[in-house]
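Structure at a glance
Here is how the chains run, residue by residue.
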Amino acid sequence: MNLTLRRGKPDDAQVCGAICYEAFKTIAEAHHFAPDFPSADVPVELLTWMLGHAGFYAVVAELGGKLVGSNFLDERNCIAGVGPITVDPTVQNKTIGRQLMEDVHHRAAQKNFPGVRLVQAGYHMRSLSVYAKLGYDIREPLACLQGPAINDVMVGYRVRPAAPGDLEDCNRVCRQVHGHDRNGELLDAVRQGAASVVEHDGRVTGYATTLGFFGHAVGESNSELQALIGAAQTFAGPGFLLPIRNAKLFRWCLQRGLRVTQPMTLMSLGLYNEPAGAFLPSVAY
Ligand SMILES: CC(C)(COP(=O)(O)OP(=O)(O)OC[C@H]1O[C@@H](n2cnc3c(N)ncnc32)[C@H](O)[C@@H]1OP(=O)(O)O)[C@@H](O)C(=O)NCCC(=O)NCCS
C-alpha cells in the first residue's frame, strides 16, 4: 500500500469534506442513526474554515496520489483536540486511521501539549478500539441532546451575549472547572458573536461558546448550565453533548422535552483533570 501523509491545505477542503461526509454517513446509517451532517456542504464548509485557520494542524492521507482521509489537531487551547478524523469508506480498516492518529500525536508531542482529547460516536466499535489501543482512556459517557428551545428562565441567573471584556472572567471559570482555560476557542466564539455568559450575584459564573455540537460550556454549578440551555433558541448541529454521569442535569433536560440522538464518549490521552464543576464538552473535547 503506497500511503503518504502530508500537511493539509485549503485546496483539500472539497475532497476531504466529501470523504468526511461519506465516512460519517456510512457508519451512522450502518447503525441506524441519523448522519451527523445533513449534506456534504456542511463538512466542506467546516474543513474549509479549519484548513484556513492557523490554530488548526491538518494532515491528509494519499493512496497512490489520491486523497483518502484527513485528521485535525485543534491547537487553539493548552489542551489539544483531535478530529474530525475520517477515512474513505472504501479503504477503511487498512491502518490509515491509525497512521493519521499517530501523525497528530507526533505533532502534539512536538508542540508540547500535555494532553489531547476527542469525542467518539459511542456505537462505533472501530473508532473506540483504535483510540483505546493508541492509549486513550474513557473519561465520560455523553448523550447528544436535541429538541425545541426550552425557554426556561433560572431566577437569579442572567444570560447575555459574551463580549471581549468577559474573556478573563470566562477563563477563570473554565480554569476552576477544568484546571485550564480554552481561551483560543472562546476568543473565536466571541468574535463570531456565538458565545454567551451567565451572571449570578453580579459576576460571571459560567459561559457557553455555543449550545451545540461544536460548542462547549462550563459553570460553577448545574444552575449556570440550566440557565444557558434554558435560554438557547436552537441547539446547533446534531445537538449538544451532556456528560450523563451528571444525572441531575440529564434528567432536567429530559423532563423539559429534549431527546437523546446518540451516545458518545469523551476520551483523553495524557494530562486530564477530573472536572470540578458543571460542563458540556464540544465534539472536539
Ligand atoms: C475511525 C476511522 C478513522 C478509523 O480508520 P481506519 O483506517 O478504518 O482504521 P484502522 O485500519 O487504522 O484501525 C482499525 C483498528 O480497529 C480494529 N477494530 C475494528 N473493529 C473492531 C472491533 N469491533 N473490536 C476491536 N477492534 C476492532 C482493527 O483490528 C484495527 O486495529 P489494529 O490497527 O490494531 O489492527 C475510520 O474507520 C472512519 O473514518 N470512520 C468513520 C468516521 C468516524 O467514525 N471517525 C471517527 C470519529 S471519532
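In the block above lies the structure referred to throughout.
Here is a short report on the structure shown in this document.

How each quantity is defined
- Residues numbered from 1 in each chain as written.
- Predicted model: local features only at pLDDT ≥ 70, side-chain atom pairs only at ≥ 80, totals over all residues.
- Heavy atoms only, no water.
- Pairing = 2+ DSSP bridges.
- Helix = DSSP H or I, 4+ residues; strand = E, 2+ residues; numbered from the N terminus.
- Near = heavy atom within 4 Å.
- Polar contact = N/O pair within 3.5 Å; in protein donor to acceptor, adjacent residues only side chain to side chain.
- Areas by Shrake-Rupley, 256 points an atom, 1.4 Å probe, with all protein chains shown as cover.
- Nonpolar A, V, L, I, M, F, W, Y, C, P; charged D, E, K, R; others polar.

Another aspect to go through is the pairing of strand β9 (residues 196–200). Bridging between strand β8 (residues 157–161) and β9 involves five bridges; their strand directions are antiparallel. Within β9, the position partnered with Y157 by the bridge is H200. Both β9 and strand β10 (residues 203–208) contribute to a ladder of five bridges, which runs antiparallel. Residue pairing in the sheet places H200 in a bridge with R203 of β10. In this antiparallel pair of consecutive strands, β9 and β10, the connection spans two residues, and D201 shows a positive phi of 55 degrees.

Around the ligand, a shell composed of 22 residues is seen, among which N93, T95, G97, R98 and K133 lie nearest. Measuring from an oxygen atom of the ligand, one finds a backbone N or O atom of G97 at 2.8 Å. Here a nitrogen atom of the ligand and a side-chain polar atom of S129 are 3.2 Å apart. Out of a free accessible area of 970 Å², the ligand has 76% covered by protein chains. Mapped onto the shell around the ligand, the elements with two or more residues apiece are α1 (13–30), β5 (86–87), α3 (96–110), β6 (115–121) and α4 (125–133). Looking at the shell around the ligand element by element, the count peaks at seven residues for α4. When grouped by side-chain class, the residues that make up the shell around the ligand number nine nonpolar, nine polar and four charged.

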